[in-house]
Amino acid sequence: MKVTVTRRETFNAAHRLFNKNWSNEKNVEVFGKCSNPNFHGHNYVLFVSISGEISEETGYVIDLNILKQIIRTEIIELLDHKNLNLDIDAFKELNPTVENIALFIFKTIKNKLPNEYQLSVKLYETENNIAEIQD
């Protein structure tokens, strides 16, 4: 039987949604105030869930301290209080939508986990705008 455990973290970041191939007018038409040339920010709430078998030796699916360290060193330290468009290489060419940020987080964490685990990442950009990615 598989069990899922979840770690919650938060970070703050600024971004601008825009397509460099479009005019400013088209960007505003599509992205609205999220295309502000001076950027805008969010207080992101991140849920990282791991599914797997419970270890008979530890009683854990995964030691949540290990998951906490992966999230903090690979995600929070990288993204917190940053301008995603300017400071993060992955978003210099990729539009930092909540979907793309969640996918970036998913791929980054997935690369740090043994293959035996299933991963789910849920990212709240606002309490109403959420992206979720899972294996």
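### Description of the packing of helix α2 (residues 64-79) against helix α4 (residues 98-110)
Each pair of packed helices can be described by the angle between their axes along with the distance between the axes.
Working step 1: Running from N to C, α2 and α4 cross one another at 145°; their axes reach a closest spacing of 10 Å. Here α2 and α4 pass one another in a crossing that is right-handed. Contact residues: α2 offers Ile70, Ile71, Glu74, Ile75, Leu78 and Leu79, while α4 offers Phe104, Ile105, Thr108 and Ile109.
Working step 2: A breakdown of the residues in the contact of α2 with α4 according to their chemical character gives 8 nonpolar, 1 polar and 1 charged.

### Description of the pattern of salt bridges
Working step 1: All told, the structure shown has 7 salt bridges when counted by the stated rule.
Working step 2: Glu93 is the partner of Lys20 in a salt bridge, and the nearest nitrogen-oxygen pair spans 2.4 Å. Taken together, the residues Lys20 in the loop between β1 (2-15) and α1 (24-31) and Glu93 in the loop between α3 (84-87) and α4 connect sequence positions 73 residues apart. Across this residue pair, the class does not change: Lys20 and Glu93 are exposed.
Working step 3: One salt-bridge network, held together by shared partners, links Arg7, Glu9 and Arg72.

### Some details on the side chain of His40
Working step 1: Examined against the element boundaries, His40 turns out to sit in strand β2 (residues 40-53).
Working step 2: Only 3.1 Å separates the side chain of His40 from the side chain of His42, close enough to count as a polar contact.
Working step 3: Sequence-distant contacts of His40, that is, excluding residues within four places in its chain, are made with Ala13, Ala14, His15, Lys33 and Cys34.

Thresholds, definitions, all that
- Residues numbered from 1 in each chain as written.
- Predicted model: local features only at pLDDT ≥ 70, side-chain atom pairs only at ≥ 80, totals over all residues.
- Heavy atoms only, no water.
- Axes fitted to C-alpha atoms, helices over the stretch in contact; angles between N-to-C directions.
- Helix = DSSP H or I, 4+ residues; strand = E, 2+ residues; numbered from the N terminus.
- Left-handed = near helix turned anticlockwise from the far one by under 90°.
- Contact = heavy atoms within 4.5 Å.
- Nonpolar A, V, L, I, M, F, W, Y, C, P; charged D, E, K, R; others polar.
- Salt bridge = Lys/Arg side-chain N within 4 Å of Asp/Glu carboxyl O.
- Buried < 20%, exposed > 50% of the residue type's maximum accessible area, 1.4 Å probe, protein only.
- Polar contact = N/O pair within 3.5 Å; in protein donor to acceptor, adjacent residues only side chain to side chain.

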